[in-house]
Amino acid sequence: MKIFNSYTNKLEEFVPRYKGKVNIYVCGPTVYSYIHIGNARPVIFFDTVRRYFEHRGYDVKFASNFTDVDDKIITKAIELEQTEKEVTDKFISAFLTDVEKVNSRTDYIQPRVTEYIDEIINYIQRLLDKGYAYQSGGDVYFRVTKIKDYGVLSNRNIDDLISGARIEVNSKKENPLDFTLWKDTDVGIKFDAPFGIGRPGWHTECVAMIEDIFGEEIDIHGGGSGLLFPHHENEIAQAKALHGHSVAKYWMHNGLLNISGGKMSKSEGKMILVKDLTIDPNVFRLFTLSTHYRSPINYTDEVLNSYDKEWDKILRVYKALFLKLDLNDMLYGNAKIDPDLLLIYKEFLKAMDADFNTPNAITAMQDLVKKSNQLLRSSAEFEVLLSAMKLFDNFFEVFGLKIDVSPLAKEDKETYLLWERARKEKDFDSADKYRNILQAKGII
Ligand SMILES: [Zn+2]
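Residues numbered from 1 in each chain as written. Predicted model: local features only at pLDDT ≥ 70, side-chain atom pairs only at ≥ 80, totals over all residues. Heavy atoms only, no water.

**Q** Break down the overall build of the chain for me, with residues and values.
**A** Scanning the chain for helices and strands turns up 14 helices and 13 strands. Buried positions account for 52% of the 444 residues belonging to the chain. Within the chain, contacts between residues at least 6 apart in sequence are counted, and of these 77% link residues at least 24 apart. Surface summary for the chain: the accessible area is close to 21,000 Å², and the carbon and sulfur share equals 49%. (Helix = DSSP H or I, 4+ residues; strand = E, 2+ residues; numbered from the N terminus. Buried < 20%, exposed > 50% of the residue type's maximum accessible area, 1.4 Å probe, protein only. Contact = heavy atoms within 4.5 Å. Areas by Shrake-Rupley, 256 points an atom, 1.4 Å probe, with all protein chains shown as cover.)

Take a look at the structure:
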């Protein structure tokens, strides 16, 4: 399996730190508002990564945090006349509802900053002890110049960064690139630390949580490309200072999701919240995964409609397979592998193994649609039909697509068989009668 590692800028063979195990961490949301469909892209993509590793037999440990301490949260709490906790509880729950809405799993480790204050303080203290951080007033800053290859992830050169940095009116810093580890504050939520009362900076959260949850360097660190700099660069700087490694062996970044050709922006009316999405989540997932994760996606109604039709094709053939097998009591029989089906499965694996090429993997699923239609038309053996259906099940599991089908009740099955027989015998009156019954029950 190959992964494009943003850290080395290369496609690399994936070798887990421990055989059969994968540790993944993805930066989560700052919880002060509802998420938009652009925020849903990493939620869907990294959920698919996790599902694929599981499909490949790996034992996956997956964590993604909630930033529940932040200036924006404090501003929101003041605006709503609520406590920060009331605000963050509300938006954490809203986030998880949205995650479920797009068929992503919520059974992962969900650390919150407020539950990790001791670990974060301890982390900062160790950076201070090793001389990688310094106190200035009540603030604590990271000494960027002490990291030799700072900028390696985002391909930036430290001198260019310094000359490009806006001249900040912050005389507290030794260097304009130094970032905040602890912020002295008297507004909003604050905590007691040996270096003063305040709150932690964003970049230390993730590394402190990763250290506590995973214990050491992880396999994969993910997030949106917007986090490359400064957030992930700064995570790496801190881990290098304390542990001499770059937090993760592989860094993965997803591209943006634009809307009608432009960036998602509230002010231009170009913003769709996940909670307001009215399309089938399966269609939205299919649409999101039909572009490679590192490329930008453009959301338009026309594109969405085309995926709606695509999903309908998949749904129809799947239901036809299911019904045929059900009517013949073959749903739980033995599957027989057909060479064409095996080829489709191999295409799928090949695509997913090539840096999670989901568009090609979806093409393999479309090939399965064609093949299944052929099999149904040619009255293929039930064992082969079952094998086609099971292959769909595997694809659905990895892509996070959900189909609601259940076997027919005994009585309905009998009606269906009577309808089929009446049609065969050209007994149109009976056929109409049975068809009406089946239609009324929504079976056909
Ligand atoms: Zn992070």
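**Q** Summarise the domain arrangement of the chain; cite the residues concerned and give the values.
**A** Partitioning the chain into domains gives domain 1 (2-277), domain 2 (298-399) and domain 3 (410-440). The straight-line distance from the C-alpha centre of domain 2 to that of domain 3 is 28 Å. (Domains from an automatic or database assignment.)

**Q** Explain the packing of aromatic side chains to me, using residue names and the numbers behind them.
**A** Considering all chains together, one arrives at 29 aromatic pairs under this definition. Measuring from ring centre to ring centre gives 6.0 Å for F287 and Y307, while their planes differ by 65°; the resulting arrangement is edge-to-face. Placement of F287 in helix α8 (residues 281-289) and of Y307 in helix α9 (residues 301-327) is noted, with a sequence separation of 20 residues between them. Note on Y345 and F348: the rings are 6.2 Å apart at their centroids and 20° apart in plane angle, and the pair reads as stacked. Of this pair, Y345 and F348 both sit in helix α10 (residues 339-353), 3 residues apart, roughly one helical turn. Using a relative accessible area of 0% as the deciding quantity, one classes F348 as buried. (Phe/Tyr/Trp six-rings, centres within 6.5 Å; stacked < 30°, edge-to-face > 60°.)

**Q** An account of the packing of helix α1 (residues 37-55) against helix α12 (residues 382-399) is requested, with residue identities and associated values reported.
**A** As a packed pair, α1 and α12 sit with axes 7 Å apart at the nearest point and diverge in direction by 135°. Compared by their axis directions, α1 and α12 come out oblique. In this structure, α1 uses T48, R51, Y52 and H55 to contact α12, whose residues at the interface are N394, E397, V398 and F399. Class assignment for the residues of the contact of α1 with α12 results in 3 nonpolar, 3 polar and 2 charged. (Axes fitted to C-alpha atoms, helices over the stretch in contact; angles between N-to-C directions. Parallel < 35°, antiparallel > 145°, perpendicular 65-115°, else oblique. Nonpolar A, V, L, I, M, F, W, Y, C, P; charged D, E, K, R; others polar.)

**Q** Which residues make up the coordination of the zinc ion, and what values go with them?
**A** Looking at the zinc ion, the protein donor atoms are C27 (SG), C206 (SG), H231 (NE2) and E235 (OE), and they sit 2.1 to 2.7 Å from it. Taken together, the 4 donor atoms coordinating the zinc ion span angles of 77 to 129° at the metal, a pattern that classifies the geometry as irregular. Here the donor residues of the zinc ion are spaced in sequence according to C-x178-C-x24-H-x3-E. Note that C206 is positioned in helix α6 (residues 202-214) and E235 in helix α7 (residues 228-243), a separation of 29 residues in sequence. Take C206 and E235: they sit in the same class, and that class is buried. (Donors = N, O, S within 2.8 Å, 3.2 Å for Na, K, Ca; no water. Tetrahedral: all angles 85-135°; square planar, octahedral: opposite > 155°, others 65-115°.)

**Q** Help me get a handle on α1, residues and values and all.
**A** Here α1 contains 19 residues, and its C-alpha end-to-end distance of 26 Å stays within 8% of the 27 Å for a straight helix at 1.5 Å per residue. G57 lies just past α1 and shows a positive phi near 90°. (Expected span 1.5 Å × (residues − 1).)

**Q** I'd like to hear about the sheet that holds strand β3 (residues 21-26), residue by residue, with values.
**A** Pairing is parallel across the open sheet formed by 4 strands, whose spatial order is β4-β3-β10-β11. Looking at strand neighbours, the two that pair on one side only are β4 (59-64) and β11 (248-254), the edges of this open sheet. Strand-to-strand twist in this sheet, taken as the mean axis angle between neighbours without regard to direction, amounts to 20°. By the bridge criterion, 6 bridges tie strand β10 (residues 218-224) to β11 in an arrangement that is parallel. (Pairing = 2+ DSSP bridges.)

**Q** So what's going on with the sheet that holds strand β6 (residues 139-142)? Residues and values would help.
**A** If you walk across this open sheet you meet the 5 strands as β5-β6-β7-β9-β8, and the pairing is antiparallel. What marks the edges here is a single partner per strand, and that holds for β5 (133-136) and β8 (191-193). Across the sheet, the mean angle separating the axes of adjacent strands is 40° when strand polarity is ignored.

**Q** If you had to explain the pattern of salt bridges to someone new, which residues and values would you point to?
**A** A complete count under the given rule lists 33 salt bridges for this structure. Between D47 and R285 there is a salt bridge whose closest N-O contact spans 2.6 Å. Taken together, the residues span a long stretch of sequence, with D47 in helix α1 and R285 in helix α8 at a distance of 238 residues. Taking relative accessible area as the criterion, D47 reaches 4% and is therefore assigned buried. Since its relative accessible area comes to 0%, R285 is described here as buried. (Salt bridge = Lys/Arg side-chain N within 4 Å of Asp/Glu carboxyl O.)

**Q** Tell me what's going on with the side chain of N282, and back it up with residues and numbers.
**A** Considering the arrangement of structural elements, one finds N282 in helix α8. Those residues within four positions of N282 in sequence are excluded, and the remaining contacts are N103, W311, G400, L401 and K402.

**Q** Describe helix α13 (residues 410-424), naming the residues involved and giving the relevant values.
**A** Helix length check: α13 (15 residues) gives 21 Å between terminal C-alpha atoms against 21 Å at 1.5 Å per residue, within 8%. Within the sequence span of α13, burial applies to D412, K413, T415, Y416, W419 and A422. If you follow the buried residues of α13, they end up packed against α9 and α14 (428-440).

**Q** An account of the pairing of strand β2 (residues 10-13) is requested, with residue identities and associated values reported.
**A** Both strand β1 (residues 2-5) and β2 contribute to a ladder of 4 bridges, which runs antiparallel. In the strand pairing of β2, N5 is matched with K10. Count of turn residues in the β1/β2 antiparallel hairpin: 4 residues, of which N9 carries a positive phi of about 60°.

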